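Architecture and fold: a report
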Amino acid sequence: MIRFFGTVALTDRVPSGERVRVNRPSAVQSDSFAGYRFPPDVILLAVRWYLRYGLSYRDVEELLAERGIEVDHVTIYRWVQRFTPLLIDAARPCRHAVGDRWFVDETYVKVNGVWRYVYRAVDQHGQVIDVYVSKRRNIAAATKFFEDALSNHGRPAEVTTDLAAPLLRVIDELIPDAVHDTEQYSNNRIENDHGRLKVRLRPMRGLCTDRTASVVIRGHAFMQNVRRGHYELGVEARHERLRVAAAFDELTEVI
């Protein structure tokens, strides 16, 4: 039998002691699990394992089978695609505010054999601010990324990027008041963080569609932020290593 730890209470403080305004996770859809043969804790356990560890869908299928749960890897894929966005939406009220120093860069992944560009940003605390999967590496893609990030998280005081022409132009147009650092090596923080995404994608046999890529990459960013303590979720878990399990336990009750 699969068990989660009991729901943990939310606090109004981040680990550093700084007071923040925190809400409880908000319900996304009361019937999110309607029509599914498996119970919510099994479904979200599979989703958590997939997002957290370097596993393929077949790996998760095997791990569940060892526990007496027979489910096809295609079904697990559908669970990940269905519930990852719901988890991210439900957790949004509990997310900590991002810092005022942004490190922005783009990396690349293959989707159905074609290169796609992934715009990503982290703040000075290591929180992944936002991600955006684009067919192009151009001004339109950079504008879309920054407009969404600014709309959701406000304006930074400082932005660090490389010398990519689209980023230079978009930052000058959208946030001309921000300090823009383009010195060599200044952007190592985000470039190193790209490596964690690449490690997660390596066990996969390839991303088939842009939507699949976007969901998985956003889910990876969400999981990174939960593990790093950037959500007021799982904060009273008995051990830091149980934070993610406790966070998903909370979210299970509201989606």
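Residues numbered from 1 in each chain as written. Predicted model: local features only at pLDDT ≥ 70, side-chain atom pairs only at ≥ 80, totals over all residues. Heavy atoms only, no water.

**Things to note about the nonpolar core**
Here is a general trend for soluble globular proteins: nonpolar side chains tend to be buried in one another's company. Counting residues in each nonpolar core, the largest one holds 55 residues, and the members touching the most others are Leu 64, Trp 79, Phe 83 and Phe 222. When neighbours within four sequence positions are excluded, Leu 64 is seen to be in contact with Leu 45, Ala 46, Trp 49, Ile 69, Val 71 and Ile 76. Core analysis: the next-biggest nonpolar cluster, separate from the first, contains 19 residues, Tyr 119, Ala 141, Ala 164 and Ile 175 among them. (Core = buried A, V, L, I, M, F, W, Y, C linked by side-chain atoms within 4.5 Å. Buried < 20%, exposed > 50% of the residue type's maximum accessible area, 1.4 Å probe, protein only. Contact = heavy atoms within 4.5 Å.)

**A word on the packing of aromatic side chains**
One pass over the full model with this rule turns up 10 aromatic pairs. For the pair Phe 33 and Phe 83, a centre-to-centre distance of 4.8 Å together with 15° between the ring planes defines the contact as stacked. Of this pair, Phe 33 sits in the segment before helix H1 (40-52) while Phe 83 is found in helix H3 (residues 73-91), placing the two residues 50 residues apart along the sequence. Judged by its relative accessible area of 15%, Phe 33 is buried. Looking at Phe 83, the relative accessible area reads 0%, which means it is buried. Their ring planes at 90° and their centres at 5.1 Å tell us that Tyr 108 and Trp 115 sit as a pair that is edge-to-face. We classify Tyr 108 as partly exposed; its relative accessible area is 44%. Clustering of aromatic rings is evident, with ring pairs tying together Phe 33, Tyr 36 and Phe 83. Above the plane of the ring of Phe 83 lies Arg 82, whose end atom (NZ or CZ) is 5.7 Å from the centre. (Phe/Tyr/Trp six-rings, centres within 6.5 Å; stacked < 30°, edge-to-face > 60°. Helix = DSSP H or I, 4+ residues; strand = E, 2+ residues; numbered from the N terminus. Lys NZ or Arg CZ within 6 Å of the ring centre and 35° of its normal.)

**What about helix H8 (residues 243-252)?**
For an α-helix, 3.6 residues make a turn, and residues three or four places apart therefore share a direction. For H8, the buried fraction is high: 10 of the 10 residues fall into the buried class. On its buried face, H8 is in contact with H1, H3 and helix H7 (210-227).

**With respect to helix H4 (residues 139-153)**
The first and last C-alpha atoms of H4 sit 21 Å apart over 15 residues, in line with the 21 Å expected at 1.5 Å per residue. Every buried residue belonging to H4 is among Ala 141, Ala 142, Thr 143, Phe 145, Phe 146, Ala 149 and Leu 150, and all of these are buried. Packed against the buried residues of H4 are strand E1 (101-111), strand E2 (114-123), strand E3 (128-134), strand E4 (158-160) and helix H5 (165-174). One side-chain oxygen of the residue at the start of H4 lies 3.3 Å from the amide nitrogen of Ala 140, identifying that residue as Asn 138. Looking one or two residues past H4, Gly 154 carries a phi angle of roughly 80°, positive in sign. (Expected span 1.5 Å × (residues − 1). Polar contact = N/O pair within 3.5 Å; in protein donor to acceptor, adjacent residues only side chain to side chain.)

**Digging into the packing of H1 against H7**
Axis separation between H1 and H7 bottoms out at 9 Å; the angle between their running directions is 90°. For the element pair H1 / H7, the angle class is roughly perpendicular. On the side of H1, the interface is formed by Arg 48, Tyr 50, Leu 51 and Arg 52, while H7 contributes Val 216, Gly 219, His 220, Met 223 and Arg 227. A per-class count over the contact of H1 with H7 returns four nonpolar, two polar and three charged. (Axes fitted to C-alpha atoms, helices over the stretch in contact; angles between N-to-C directions. Parallel < 35°, antiparallel > 145°, perpendicular 65-115°, else oblique. Nonpolar A, V, L, I, M, F, W, Y, C, P; charged D, E, K, R; others polar.)

**Some details on the sheet that holds E2**
Sheets are built from strands paired through backbone hydrogen bonds, the pairs being either parallel or antiparallel. If you walk across this open sheet you meet the five strands as E3-E2-E1-E4-E5, and the pairing is mixed. A strand with exactly one partner marks an edge of an open sheet, and here the two such strands are E3 and strand E5 (179-181). Taking the axes of each pair of neighbouring strands and ignoring which way they run, one obtains an average angle of 20° across the sheet. Summarising the sheet, E4 and E5 pair through three bridges and their orientation is parallel. (Pairing = 2+ DSSP bridges.)

**Some words on the pattern of salt bridges**
As enumerated under the stated definition, the model contains 12 salt bridges in all. A salt bridge links Asp 89 to Arg 92; the shortest N-O distance between them is 2.9 Å. A relative accessible area of 48% places Arg 92 in the partly exposed class. For Arg 120, the salt bridge is made with Asp 193, and the minimal N-O distance between the two is 2.7 Å. (Salt bridge = Lys/Arg side-chain N within 4 Å of Asp/Glu carboxyl O.)

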